[in-house]
Amino acid sequence: MRPHPHWIDYSVIGIYFTFVLGIGFVLKKYMKTSADFFLSGRSIPAWITGLAFLSANLGAQEVIGMGASGAKYGIMTSHFYWVGAIPAMIFVGLFMMPFYYGSRARSVPEYLKLRFDEKTRGLNAISFAVMTVFSSGVSMYAMGKLLQLLLGWNFNAAIIVSALIVLAYTFLGGLTSAIYNEVLQFFLIVIGFIPLTFLGLKDVGGWEGLKARIGNDAMVHSWKYLGSPSANPMGVEWFSMLMGLGFVLSFGYWCTDFLVVQRAMAADSMTSARRTPLIAAFPKMLFPFLVILPGMIAGVVSAATMSGHTSGGVPAKAESEVVSQSGPGGAISLEGGKGIIPPKVDESGKPLVKDGKVVLDYDLATPMMLVRYFPSGLLGLGLCALMASFMSGMAGNTTAFNSVWTYDIYQGYINKTASDQHYLWMGRAATVFGLAVSVAAAYVARQFNNIMDVLQLVFAFVNAPLFATFLLGMFWKRATGHGAFCGLLGGTAAAAVHHGITLPMGSVPGVKGGFLGVVVHQYPSEMAQNFWTAIFAWTTCFTITILVSLLTTPRPDGELKGLVYALTDRPKDVDLAWYQKPAVLAVVVLTVLVVLNWIFW
Amino acid sequence: MGFDIRLPIGMMFSVFGVLVGAYGAATWDSEMYARHSLGINVNLWWGLVMLIFGAGMLLLARRGAVAARASDKTDKTLKNSIVK
């Protein structure tokens, strides 16, 4: 099953690339100072930063990964949105933005320097810079692999071309160019995926029809089966879902990750900065319908395209056998797959089998849906949307990296007193350097999958405790730099130890856990283990930060003005209609959130 | 920032709309719609939707530019009157 894009599809893709590059060229003349390049001169209106806030995070993990998760776990995947994103987005907008934006910090690590000290900032800046380029590399690898598998494109060409395009527009127009393109990409992804959900749902007979076809009640309810891990396909229970995902991981990402916070920092006023994540929350809440539903549908429809049947109630498996003509490098075979999700194949092209069951390649669920339902014309649009998601993620990483590198590492430690033009130049150099390292990382990921797994595990340990540090930093003026630094190290260590002595069921000791020699607890699933690792890391960081802070000298109140809740004036939203006020937006978002959870209970 | 993002968005989707919509009209009888999109000519319909969306964005960009020029003018007259 392989699509053959026509001239029309290539034209759509070509036009998209032209506009993306064009935006970079037009913006070049506005890039006069380093503040223009790294902060867009703090001049962007809220609706643009809001959509960019959402889109920067809308990388490969989102479109491909959430579709895969939908196919695997069903509508429970929506917890990654409704529990794992929206509450944190409301919190960062209402309560944390006053300190990020109000302190005039140019980056998240710089806030840590203002609030705590140099070493806390250094730790955060360096780990963030390293993580950013590597995760960008991992997603590049995923894209290259996907385009190769799906369309037969050349892996090297796919990676180099996309990296060069992202390089061109971020190099020319800096953060503004990245943000503007993210808005363009946001609309492209939405407009490209709406027909997919529509056609898919129509084919299976709507939500009711989809429920009937899936035939597994646990996959069509988000909360009903969270009482015990064995009752639901994710293998987690409500407490670790709420605390691990909903609190530690979600707040750790949305409230402290410079990749997203940078978008809000570019806003034209404090009110706009605070409204940025709240505006982003509206489309974010509805994204499950665009990215999760297609994945769920992929598991239950038939590959009518290749066998010539129009789709109907014919069982998927019987049909997919007609489609088997495969081999390494050939078209994707659906034989042994489920619906239109193909099995993973080994090097000889045979389906992988584990415990007597075929291992499915869930990452192909959404791409196969595009191939299944989009005729030439719309197919080009769908492929554009797919590439847009990869590129917006890549550009987000690139702009976050070049700011942190230039402001927090280069200006912080290497060359403190250069001219503004020099830092602007360094930002552009960092863009080239960062993308070059990412491309290299993509090839490392291709050669040594295990190295990347280990790296991502280490990143998870580093990230897990972060939110405790920011929470105490912003809301407890007694917290000290020594406390924060020790807390971060302690939290990371706790994550590593917890992961090292536990194991998900059915796994062997190694990257999955248990590498410290003893396994004291077995979790029902990998996800449950991850959530609990995060909970342990956060609690450890929180406790250590408080203890060490109480033993060390606090900074005088005068130095903490604008950095800590108790010593900062409450932001006043004057000149705004009532419906534009951040607090009102937050209430509306929460109401819709409750309704959505109730519908899909 | 002196450059309105709604302009390129509007232009791109208008071009997409015309291109994909026209392709849909030209392939009206194609069996690919039966094979892929449940017999619906999605190219034509979605092309029209994209065209409307693109045109709407262009309209907003145009109104924004007019408003900006107007406020620019009042700024200048204000300044002039202060100078005088």
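This one's a predicted model, so the numbers in the text were calculated from it and none came from an experiment. In every chain, residue numbers begin from 1 and rise along the written sequence. Written order determines the labels here, with chains lettered from A and ligands numbered from 1. Given that this is a predicted model, residues contribute local features only at a pLDDT of at least 70 and side-chain atom pairs are listed and counted only at 80 or more, while totals for whole chains, interfaces and linings are drawn from all residues.

S.K.: For this particular structure, what's the right way to read the overall build of chain A?
M.R.: Secondary structure elements follow DSSP: runs of H or I of four or more residues count as helices, runs of E of two or more count as strands, with numbering from the N terminus. Helix and strand content of chain A: 23 helices and 4 strands. Residues are called buried when their C-beta atom has 20 or more other C-beta atoms within 10 Å, exposed when it has 12 or fewer, and partly exposed otherwise; all C-beta atoms are positioned from the backbone. Counting the 601 residues in chain A, one finds 58% classified as buried. Each residue gets a C-beta atom placed from its backbone, and two residues are in contact if those atoms lie within 7 Å. At a minimum sequence separation of 6, the contacts of chain A that also span at least 24 residues come to 76%.

S.K.: Could you clarify how one ought to interpret the overall build of chain B in this entry?
M.R.: When you go through chain B residue by residue, the secondary structure sums to 3 helices and 0 strands. When its helices and strands are written in sequence order, chain B yields α-α-α. Across chain B, contacts joining residues at least 24 apart in sequence account for 72% of those joining residues at least 6 apart.

S.K.: Whenever I open this one, unusual backbone geometry confuses me. Can you help?
M.R.: For residues other than glycine, phi is negative in most cases, and the peptide bonds are mostly trans. Phi is positive for Arg104 of chain A, which is not a glycine, with a value near 60°. The phi torsion at Leu38 of chain B lies on the positive side, around 55°, for a residue other than glycine. Counting through the fold element by element, Leu38 of chain B comes out in the loop between helix 2 (32-36) and helix 3 (42-83).

S.K.: Sorry if this is basic, but what is going on with the packing of helix 20 (residues 466-475) of chain A against helix 22 (residues 526-551) of chain A here?
M.R.: Think of two packed helices as two axes; the pair is described by the angle between the axes and how far apart they sit. Residues and elements named next belong to chain A. Convention adopted: a line fitted to C-alpha atoms gives each axis, helices being fitted over their contacting stretch, and angles between N-to-C directions are expressed from 0 to 180 degrees. It is at 7 Å that the axes of helix 20 and helix 22 come closest, and there the two elements cross at 35°. Two packed elements cross with a definite hand, and for helix 20 against helix 22 that hand is right-handed. Contact residues: helix 20 offers Phe467, Ala468, Thr469 and Leu472, while helix 22 offers Trp538, Cys541, Phe542 and Thr545. Residue polarity follows a fixed list, in which Ala, Val, Leu, Ile, Met, Phe, Trp, Tyr, Cys and Pro are nonpolar, Asp, Glu, Lys and Arg are charged, and the others, Gly among them, are polar. Its residues assigned to classes, the contact of helix 20 with helix 22 comprises 6 nonpolar, 2 polar and no charged. In this scheme, a crossing is called left-handed if the near helix is turned counterclockwise away from the far one by less than a right angle; it is called right-handed if the turn is clockwise.

S.K.: Hey, could you run me through the interface of chain B and chain A in this one?
M.R.: Interface size, as often reported, equals the accessible area lost upon joining of the parts. Taken residue by residue, the interface counts 25 residues in chain B and 35 residues in chain A. Of all elements in the fold, only helix 1 (6-26), helix 2 and helix 3 of chain B reach the threshold of two or more residues within the side of chain B that touches chain A. At 9 residues, the largest contribution of residues to the side of chain B that touches chain A is made by helix 1 of chain B.

S.K.: Would you mind showing me how to read the confidence of the model for chain B here?
M.R.: Close inspection of predicted coordinates is inappropriate for parts of the model with low pLDDT. All names here are of chain B. On average, residues of chain B score 81 in pLDDT, and 82% of them are at 70 or above. pLDDT is a residue-level measure of predictor confidence that goes from 0 to 100. The secondary structure element of chain B with the lowest average pLDDT is helix 3, at 78, and the one with the highest is helix 1, at 90. Interface predicted TM-score (ipTM) for the complex: 0.86; the corresponding pTM is 0.86.

S.K.: Explain the packing of helix 12 (residues 258-265) of chain A against helix 17 (residues 378-414) of chain A here, please?
M.R.: Residues and elements named next belong to chain A. Between helix 12 and helix 17, the least distance of the axes is 9 Å, while the angle of their chain directions is 80°. Here helix 12 lies roughly perpendicular to helix 17, going by the angle between them. Facing helix 12, whose interface residues are Phe258, Leu259 and Gln262, helix 17 presents Gly396, Asn397, Thr399, Ala400, Ser403 and Val404. Under this scheme an angle from 65 to 115 degrees is roughly perpendicular, one under 35 degrees roughly parallel, and one over 145 degrees roughly antiparallel; angles in between are oblique.

S.K.: In this structure, what is going on with the nonpolar core? I would like to understand it.
M.R.: Buried together is how nonpolar side chains tend to be arranged in soluble globular proteins. Ranked by internal contacts, the top residues of the largest apolar core, which has 216 residues, are Tyr100, Val183 and Trp538 of chain A. At 24 residues, the largest contribution of residues to this core is made by helix 9 (residues 155-204) of chain A. In these notes, a nonpolar core means any group of buried Ala, Val, Leu, Ile, Met, Phe, Trp, Tyr and Cys residues linked to one another through C-beta atoms within 7 Å.

S.K.: It is not clear to me how the environment of Met57 of chain B should be interpreted in this structure. Could you clarify?
M.R.: Mapped onto the secondary structure, Met57 of chain B falls in helix 3. Sequence separation of Met57 of chain B and Pro8 of chain B is 49 residues, and the distance between their C-alpha atoms is 8.9 Å.

S.K.: Would you explain the environment of Met89 of chain A in this entry?
M.R.: Residue and element names in this part refer to chain A. With respect to the secondary-structure elements, Met89 resides in helix 6 (residues 86-102). The exposure class of Met89 is buried, given the 26 C-beta atoms found within 10 Å. Counting along the chain gives 95 residues from Met89 to Leu184, while the straight-line C-alpha distance between them is 22 Å. Not counting the four nearest positions on each side in its chain, Met89 is found in contact with Trp254, Pro277, Ala280, Ala281 and Lys284.

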